[in-house]
Amino acid sequence: MTLCQAEPYISFIVTRCAWFSNASAPSAASGLPCLTMSLPVIWKIPLLLFATLLVHNATISPNPRPKTEAVSRFTKRDTIAGIVNWVPVINMAVLWSAAFAEIGTVLAEQQSSPLLSLLIVGPPSLARNIAVSPLFLAGWLLATLGSTFRITCFRHLGRQFTYDLSIVDGHKLITDGPYSIVRHPSYTAWTLLTIGTILMHMSPGSWVAECGPLRTLAGRVFAALYTIFNAYIIAMLFPRMKREDEVLKAQFGDQWVQWTKRTPYRFFPGIYYARSLVDMCF
């Protein structure tokens, strides 16, 4: 799925949001009128399926794990090397489970199915709280844009993209496409899609928040641990970026130096301090 293929869906959401915003003028007594405007809940089904499938394609590695000698060319062990290949498995198990539970709940509520009681925690009427909220739409946009950007990184790196840090035989320095914007765009994309999926599934109006795990203590503990786990993975990307730069500099020399002059930002374009912050902290 490319950005061009995703554009019609993104344009549709933006257009619909604008239509709802213009459909009724906010009143002084309405408090937060934007939060009350949403698409029909049935739209959650195609939106969830589309976003989850796109995130899946952006999360599962496009290549098999590299050979031991390719990994050994990195002089320092990666901070998250022991768990990095489990991250996509854990994340997609959680995301697909939440997506199917929410889709099943929406369908069961629409059809007044007796299966509804099996899908929610609490009375069946809670299913009516599921909605396409502004936070869901914001998360959906972040997840789809981040996923599309990351899939673009897969295509530019080709067989060189793996979750394990490695220098494969015939390794080339890729400096075009997303790698001409920032030096580690797949990590930027990962951060966007992670934040997006958490917003989609844990914000008000979601199955998780309204009639699912967040209504129980065990569920709240799991949600907190899951969020902390993903925050830890994102934090560990910063020392990873520094380690990758060190190895690529040693491998490609002046070619890498010239690339950093054209593309000085590691993670986000236009933010100089992010570069020095990484050097300072790690």
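Because the structure is predicted, anything quoted here is derived from the model rather than measured.

1. Points about empty space enclosed by the protein
Part 1: As enumerated under the stated definition, the model contains 2 cavities of 30 Å³ or more in all.
Part 2: Its volume calculated, the largest cavity comes out at about 520 Å³.
Part 3: Taken together, 31 residues make up the lining of the largest cavity; nearest its centre are Leu157, Thr162, Ser186, Tyr187 and Glu244.
Part 4: Breaking the lining of the largest cavity down by element, the ones donating at least two residues are α6 (134-157), α7 (185-202) and α9 (217-252).
Part 5: With 5 residues, α9 is the largest single contributor of residues to the lining of the largest cavity.
Part 6: Class assignment of the residues belonging to the lining of the largest cavity gives a composition of 19 nonpolar, 6 polar and 6 charged.
Part 7: Considered as a void within the structure, the second largest cavity measures approximately 60 Å³ in volume.
Part 8: Around the second largest cavity, the lining residues are Val55, Thr59, Asn91, Leu95, Trp190, Leu193, Thr194, Thr197, Ile198, Tyr226 and Asn230.
Part 9: If you tally residues by element for the lining of the second largest cavity, the top one is α7, at 5 residues.
Part 10: Of the residues belonging to the lining of the second largest cavity, the class tally is 6 nonpolar, 5 polar and no charged.

2. Looking at α9
Part 1: Taking 1.5 Å per residue, 36 residues should reach 52 Å; α9 reaches 52 Å between its end C-alpha atoms and fits that length.
Part 2: Of all the bends in α9, the greatest reaches close to 25 degrees and is centred on Phe238; the proline Pro239 follows between one and four positions later.
Part 3: Gly253 lies just past α9 and shows a positive phi near 55 degrees.

3. A few points about the nonpolar core
Part 1: The biggest cluster of nonpolar side chains holds 62 residues, and the ones touching the most others in it are Leu47, Phe136, Trp140, Trp190, Met200 and Trp207.
Part 2: Secondary structure elements with two or more residues in this core: α2 (44-59), α4 (87-110), α6, α7, α8 (207-211), α9 and α10 (254-262).

4. Here's the deal with the packing of α6 against α7
Part 1: Packing of α6 against α7 leaves a shortest axis separation of 7 Å and a crossing angle of 155 degrees. Classified by the angle between their axes, α6 and α7 sit roughly antiparallel to one another. Viewed along their axes, α6 and α7 form a crossing whose handedness is left-handed. Along its contact with α6, which presents Leu135, Phe136, Gly139, Trp140, Leu142, Ala143, Gly146, Ser147, Phe149, Arg150 and Cys153, the element α7 presents Pro185, Ser186, Ala189, Trp190, Leu192, Leu193, Ile195, Gly196, Thr197, Leu199 and Met200.

5. Topic: the pattern of salt bridges
Part 1: For the structure on display, the rule yields 5 salt bridges.
Part 2: Among the ionic pairs, Asp164 bridges to Arg65, the shortest N-O distance being 3.1 Å. In this pair, Asp164 is assigned in the loop between α6 and α7 and Arg65 in the loop between α2 and α3 (68-72), connecting sequence segments 99 residues apart.
Part 3: A residue is classified by how much of its surface remains accessible, and Asp164, at 10% relative accessible area, is buried.
Part 4: On the basis of relative accessible area, Arg65 is assigned to the exposed category, the value being 57%.
Part 5: For Arg183, the salt bridge identified is with Asp245, shortest N-O distance 2.8 Å. A residue pair is termed long-range when its members are at least 10 positions apart, and Arg183 in the loop between α6 and α7 and Asp245 in helix α9 qualify at 62 residues.
Part 6: One network of salt bridges, with partners in common, ties together Arg183, Asp245 and Arg266.

6. Some words on the side chain of Thr52
Part 1: Examined against the element boundaries, Thr52 turns out to sit in helix α2.
Part 2: Ignoring anything within four residues of it in the chain, the contact list for Thr52 reads Met92, Leu95, Trp96 and Ala99.

7. As for the environment of Phe252
Part 1: With respect to the element layout, Phe252 can be found in helix α9.
Part 2: In this structure Phe252 comes out as buried when scored by relative accessible area, which is 15%.
Part 3: It is 7.4 Å that separates the C-alpha atoms of Phe252 and Leu173, two residues lying 79 residues apart in sequence.
Part 4: In contact with Phe252, not counting residues within four places along its chain, are His171, Lys172 and Leu173.

Basis of the calculations
Residues numbered from 1 in each chain as written. Predicted model: local features only at pLDDT ≥ 70, side-chain atom pairs only at ≥ 80, totals over all residues. Heavy atoms only, no water. 1 Å grid on protein atoms, 1.4 Å probe; cavity = no way out; pocket = protein on both sides within 12 Å on 5 of 7 lines; lining within 4 Å. Points joined across faces, edges and corners; volume = space filled by probe spheres on them. Helix = DSSP H or I, 4+ residues; strand = E, 2+ residues; numbered from the N terminus. Nonpolar A, V, L, I, M, F, W, Y, C, P; charged D, E, K, R; others polar. Expected span 1.5 Å × (residues − 1). Bend = angle between axes of the 7 residues up to and from the residue. Core = buried A, V, L, I, M, F, W, Y, C linked by side-chain atoms within 4.5 Å. Buried < 20%, exposed > 50% of the residue type's maximum accessible area, 1.4 Å probe, protein only. Axes fitted to C-alpha atoms, helices over the stretch in contact; angles between N-to-C directions. Parallel < 35°, antiparallel > 145°, perpendicular 65-115°, else oblique. Left-handed = near helix turned anticlockwise from the far one by under 90°. Contact = heavy atoms within 4.5 Å. Salt bridge = Lys/Arg side-chain N within 4 Å of Asp/Glu carboxyl O.

These values are about where atoms sit, not about what they do.
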